[in-house]
Amino acid sequence: MREMGPEDGIDKVRAGAEQDQPVLGHLTRSIVLVGMMGSGKTAVGTAVARFLGAPFLDSDHEIERAAQMTVAEIFARDGEPFFRARESEVLERLLSGPPGVISTGGGAFLSETNREMIARLGVSVWLKADLELLWNRVRHKNTRPLLRTADPKKTLTDLLAQRLPHYSKAQVVVEAEQGLSVPDMARKVIAHLRVVDGLIEEV
Ligand SMILES: Nc1ncnc2c1ncn2[C@@H]1O[C@H](COP(=O)(O)OP(=O)(O)OP(=O)(O)O)[C@@H](O)[C@H]1O
Ligand SMILES: O=C(O)C1=C[C@@H](O)[C@@H](O)[C@H](O)C1
Ligand SMILES: [Mg+2]
C-alpha cells in the first residue's frame, strides 16, 4: 500500500472546506511560518492556530507591542539592522515558550542564526507564493517600509529573487494558490504538517 502524503490530506480538506470544522490536534513543537510579505503568514497563521486550538504569535506584532511603535516607525527611526536584532530576540523568546503557531516577518528567515534557532526549536513552513499573487496582496497597503520605493513592484520582484534560496531551506513547503481562501489555505498547511513525524498528536 502507498504511504499517505499531504495531498491525501488536502483532498479531505477540500471535501470539508464548505463546513467550518475545527481540525483539532496537539502541537509538540512550534510551527514557524516563513515567506515573503503578503504570502499570508499572519492571516493563515491565525487560522491554523484557531483550527488547532493552539496559541498564535506574530513576531512583527510582538516587536510593535514591545516598542509601542509600528514596524515602519522602527525602520524610520532606528534603521533595519536595529529591527533585525529585535526580531531575533523576539523569535528566541517566542520559540522558548509553549508550542504554538508563530508567524514571522518576511525577512526573519534570511538570517542563519534565526534559521538555526527555528530548526532547533520548531518546524519551519514556507508559504510559497508567486510574484503576481504577492503583488496583488501587498499593492494596496503602504505599511511595509521595504516597499516604499519609486517602483515597489520591481522591489518586490528583486526581493523575491534574492530570498527564494533562503526560503527554500524551510522544512515544509506549502504552495499558495490564487483563489484559495484563508481557511482553505490553513487546512492545506495542516494537511502538510500532519505528515511531519510526531508534530501533531491526535486529540
Ligand atoms: N489565502 C488567502 N486568501 C485571500 N487573502 C489572503 C490570503 N492570505 C493572505 N491574504 C491577504 O493578503 C494580505 C497579506 O497577508 P498577510 O498580512 O497575512 O501576509 P504576511 O505574510 O503576514 O506579510 P508580512 O510579511 O508583511 O507580515 C492580507 O490582507 C490578507 O488578508
Ligand atoms: O519582508 C520583510 O523584510 C519584512 C516584512 C514584514 O513582515 C516586516 O517584518 C517588515 O516590514 C520587513
Ligand atoms: Mg505578517
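If you're wondering where the values come from, they're calculated on a predicted model, not measured in any experiment.

### Overview of the site of ligand 1
Moving on, step 1. For ligand 1, the set of nearby residues contains 15 residues, the closest of which are Lys41, Thr42, Ala43, Arg137 and Arg144.
Moving on, step 2. Taking Gly40, its main chain carries an N or O atom lying 3.0 Å from an oxygen atom of ligand 1.
Moving on, step 3. Interatomic distance of 3.5 Å between a backbone N/O atom of Gly106 and an oxygen atom of ligand 1.
Moving on, step 4. For ligand 1, whose free accessible area comes to 640 Å², the fraction covered by protein is 72%.
Moving on, step 5. Counting residues per element, the shell around ligand 1 draws most heavily on helix α2 (residues 41-52), at three residues.
Moving on, step 6. Here the shell around ligand 1 is composed, by residue class, of five nonpolar, six polar and four charged.

### A closer look at the packing of helix α4 (residues 71-78) against helix α5 (residues 80-96)
Moving on, step 1. Two elements in contact, α4 and α5, have axes whose closest approach is 7 Å; the angle formed by their N-to-C orientations is 125°. In this view, α4 runs oblique relative to α5, as classed from their interaxial angle. Of the residues in α5, those in contact with Val71, Ile74, Phe75 and Asp78 of α4 are Glu80, Phe82, Phe83 and Arg84.

### A closer look at the environment of Val44
Moving on, step 1. Relative to the helices and strands, Val44 is located in helix α2.
Moving on, step 2. C-alpha of Val44 to C-alpha of Ser181: the two residues are 137 residues apart in sequence and 9.2 Å apart in space.

### A look at the nonpolar core
Moving on, step 1. Within the largest apolar cluster, 58 residues are counted, with the highest numbers of intra-cluster contacts made by Ile31, Val125 and Val189.
Moving on, step 2. Each residue touching Val189, except ones within four places of it in the same chain, is listed here: Val44, Val48, Val125, Leu127 and Val174.

### Details of unusual backbone geometry
Moving on, step 1. For Gln68, which is not glycine, the phi torsion reads 55° and is therefore positive.
Moving on, step 2. In this fold, Gln68 is placed in the loop between α3 (59-67) and α4.

### Quick look at the UniProt feature "binding site: Mg(2+)" (unreviewed entry) in the chain
Moving on, step 1. In the numbering adopted here, UniProt assigns the feature "binding site: Mg(2+)" (unreviewed entry) to Thr42.
Moving on, step 2. Of the residues examined, Thr42 reaches a relative accessible area of 41% and is grouped as partly exposed.
Moving on, step 3. Those residues in contact with Thr42 that lie beyond four places of it in its chain are Phe56, Asp58 and Ser103.

### Considering the packing of aromatic side chains
Moving on, step 1. Across all of its chains, the model carries two aromatic pairs by this definition.
Moving on, step 2. With 4.9 Å between their ring centres and 45° between their planes, Phe75 and Phe83 make a pair best called tilted.
Moving on, step 3. A residue is classified by how much of its surface remains accessible, and Phe75, at 14% relative accessible area, is buried.
Moving on, step 4. The class for Phe83 is buried, based on a relative accessible area of 2%.
Moving on, step 5. Above the plane of the ring of Phe51 lies Arg50, whose end atom (NZ or CZ) is 5.2 Å from the centre.
Moving on, step 6. Stacked on the ring of Phe82, the Lys or Arg Arg86 has its end atom at 4.5 Å from the ring centre.

### Remarks on the pairing of strand β2 (residues 30-34)
Moving on, step 1. Within β2, five of the five residues are buried, leaving the element largely enclosed by the surrounding structure.
Moving on, step 2. Residues Ser30, Val32 and Val34 point to one face of β2 and Ile31 and Leu33 to the other, with burial holding for every one of them.
Moving on, step 3. Relative to strand β5 (residues 122-128), β2 is paired through five bridges, and the arrangement is parallel. Opposite Val34, over in β5, you have Trp126 as the bridge partner.

Calculation rules
Residues numbered from 1 in each chain as written. Chains lettered and ligands numbered in written order. Predicted model: local features only at pLDDT ≥ 70, side-chain atom pairs only at ≥ 80, totals over all residues. Heavy atoms only, no water. Near = heavy atom within 4 Å. Polar contact = N/O pair within 3.5 Å; in protein donor to acceptor, adjacent residues only side chain to side chain. Areas by Shrake-Rupley, 256 points an atom, 1.4 Å probe, with all protein chains shown as cover. Helix = DSSP H or I, 4+ residues; strand = E, 2+ residues; numbered from the N terminus. Nonpolar A, V, L, I, M, F, W, Y, C, P; charged D, E, K, R; others polar. Axes fitted to C-alpha atoms, helices over the stretch in contact; angles between N-to-C directions. Parallel < 35°, antiparallel > 145°, perpendicular 65-115°, else oblique. Contact = heavy atoms within 4.5 Å. Core = buried A, V, L, I, M, F, W, Y, C linked by side-chain atoms within 4.5 Å. Buried < 20%, exposed > 50% of the residue type's maximum accessible area, 1.4 Å probe, protein only. UniProt positions renumbered as here; feature names shortened; annotations may be inferred. Phe/Tyr/Trp six-rings, centres within 6.5 Å; stacked < 30°, edge-to-face > 60°. Lys NZ or Arg CZ within 6 Å of the ring centre and 35° of its normal. Pairing = 2+ DSSP bridges.

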